[in-house]
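Chain residues, written in single-letter form:
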Amino acid sequence: MPKPDATDGLDPKPDPREEQLTDQKKNPLEVSDAETSIPVEPQPAESLEDLTADVSPESQEAVQDFLVEAAQQNEAANDAVPDRKNKPGPYIAFEHVSKSFGDFDVLKDVSFSILPGETLCILGRSGVGKSVSLQMLMGFYKPDKGRIMVAGEDICGLKERQLQEVRRKVTMVFQNGALFDSISVGENVAFPLRERHDLAEDQIQQVVRGLLDMVGVAGMEDLLPSDLSTGMKRSVAIARALACQPEAVLYDEPTTMVDPLMGHLLGDLIARLKTQLHLTSIVVTHDMRFARKLADRVVFLHQGEARFFGTMEEMDRSDDPILREFLQLDELVLPV
């Protein structure tokens with residue numbers, strides 16, 4: 001498992017929209033009326049046919065059945081997340097989280113939350129704790145203060161065996177793919193399927209081929225990860241994540257070091273997976289176009305604080321000088 005970058009730091013500043021960030025006496029997991037203004041519409045199982053349109057006929061039925069099962073499980077899991085004051089509760093929440101490495105404060109009293117089925121994009125310059133926040137969600141680091149909630153459960157005090165159960169719900173697509181170098185692409189994707197112990201070998205092979213077709217790397221199951229480009233490794237990593245049938249997926253800089261076409265395809269795929277599989281997603285990115293395409297909500301990190309947490313429309317209206325500078329520099333770097 002790759003080690004997280006210990007120099008990556010986060011920030012929490014009061015979300016001008018939510019009392020949970022501005023008032024330390026409030027519970028950051030409480031969901032405001034504004035948070036319920038973006039409904040997560042359930043998608044019919046038939047919509048999975050669009051997701052699997054590029055899957056070969058011999059694998060299509062097996063992978064569709066697999067994805068329908070995942071979508072049903074995720075819908076049930078989302079419905080089971082505890083409400084907060086008769087409003088939908090968050091699937092993932094940081095509650096006043098602080099984390100330091102030595103004298104370096106990575107996170108300072110950071111709070112934000114993601115409703116079931118939403119996509120949150122974490123924005124900020126390099127070294128502000130974006131990746132560390134994902135590593136903490138996976139349980140690789142523990143906060144010095146505060147709580148991290150997943151599906152209504154505080155994961156901070158869990159032992160490793162209990163964290164393994166959390167990682168079955170929440171999986172991560174690392175920047176480098178984090179594939180097993182010594183086994184083939186197909187065996188990488190098959191690995192979580194074999195861990196289930198309830199699928200026949202022919203089913204496993206059909207699902208593997210179908211998932212690889214679906215993410216745009218058809219016919220590459222016999223190659224080694226070293227034979228693939230960076231973008232292809234990311235696609236395989238997404239296929240392997242889907243093989244786990246997770247309730248939430250964390251994407252760490254999915255478009256870094258990939259060509260614009262591959263970045264566009266990855267964005268389309270992540271968006272479709274969210275709506276058709278009812279996935280809760282967190283995407284760490286520097287790419288504002290990518291964020292605008294995907295985000296229901298955004299958290300902007302700067303010097304250990306969350307200076308902004310809200311919708312993309314609210315971010316565009318924000319007068320925070322640090323956030324405005326970030327957006328203006330992005331426009332200069334990525335002209336339309």
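It should be emphasised that the depicted structure is a prediction, and the values quoted were computed from it without experimental measurement. (Residues numbered from 1 in each chain as written. Predicted model: local features only at pLDDT ≥ 70, side-chain atom pairs only at ≥ 80, totals over all residues. Heavy atoms only, no water.)

Points about the overall build of the protein
The helix and strand inventory of the protein stands at twelve helices and ten strands. The buried share among the 336 residues of the protein stands at 53%. The long-range fraction of contacts in the protein, counting pairs at least 24 apart against all pairs at least 6 apart in sequence, stands at 72%. Carbon and sulfur atoms make up 50% of the accessible area of the protein, which amounts to about 15000 Å² in all. (Helix = DSSP H or I, 4+ residues; strand = E, 2+ residues; numbered from the N terminus. Buried < 20%, exposed > 50% of the residue type's maximum accessible area, 1.4 Å probe, protein only. Contact = heavy atoms within 4.5 Å. Areas by Shrake-Rupley, 256 points an atom, 1.4 Å probe, with all protein chains shown as cover.)

Things to note about the sheet that holds strand 1 (residues 92–101)
Here we have four strands laid out as an open sheet, ordered 2-1-4-5, and antiparallel in their pairing. If you trace the sheet from one side to the other, it starts and ends with strand 2 (104–114) and strand 5 (153–154), each paired once. For strand 1 and strand 2, the ladder comprises seven bridges, and the chain directions are antiparallel. Directly across from A93, in strand 2, lies its bridge partner S113. In the packing of helix 4 (residues 130–137) onto the sheet, the strands contacted are strand 1, strand 2 and strand 4 (145–150), and the crossing angle to strand 1 comes to about 115°. (Pairing = 2+ DSSP bridges. Axes fitted to C-alpha atoms, helices over the stretch in contact; angles between N-to-C directions.)

Comments concerning the pairing of strand 1
Among the ten residues in strand 1, eight count as buried, and that is most of the element. Connecting the antiparallel pair strand 1 and strand 2 is a turn made up of two residues, with G102 showing a positive phi of about 65°. Both strand 1 and strand 4 contribute to a ladder of five bridges, which runs antiparallel. Bridging across to strand 4, S98 finds its partner in K145.

Topic: the sheet that holds strand 3 (residues 119–123)
Read across the sheet, six strands follow the order 6-7-8-3-9-10 without closing on themselves; strand pairing throughout is mixed. On the outer flanks of this sheet lie strand 6 (170–173) and strand 10 (305–310), each paired with one strand and no other. In this sheet, adjacent strand axes meet at a mean angle of 15° when their direction is disregarded. Relative to strand 10, strand 9 (residues 297–302) runs antiparallel, the two being bridged by five bridges. Opposite F300, over in strand 10, you have F308 as the bridge partner. Strands in contact with helix 4 are strand 3, strand 6, strand 7 (248–252), strand 8 (280–284) and strand 9; relative to strand 7, the strand with the most contacts, it is inclined by about 150°.

A word on the environment of F308
Inspection of the secondary structure assignment puts F308 in strand 10. Looking at F308, the relative accessible area reads 3%, which means it is buried. Taking the C-alpha atoms as reference, F308 lies 8.4 Å from S318; in sequence the two are ten residues apart.

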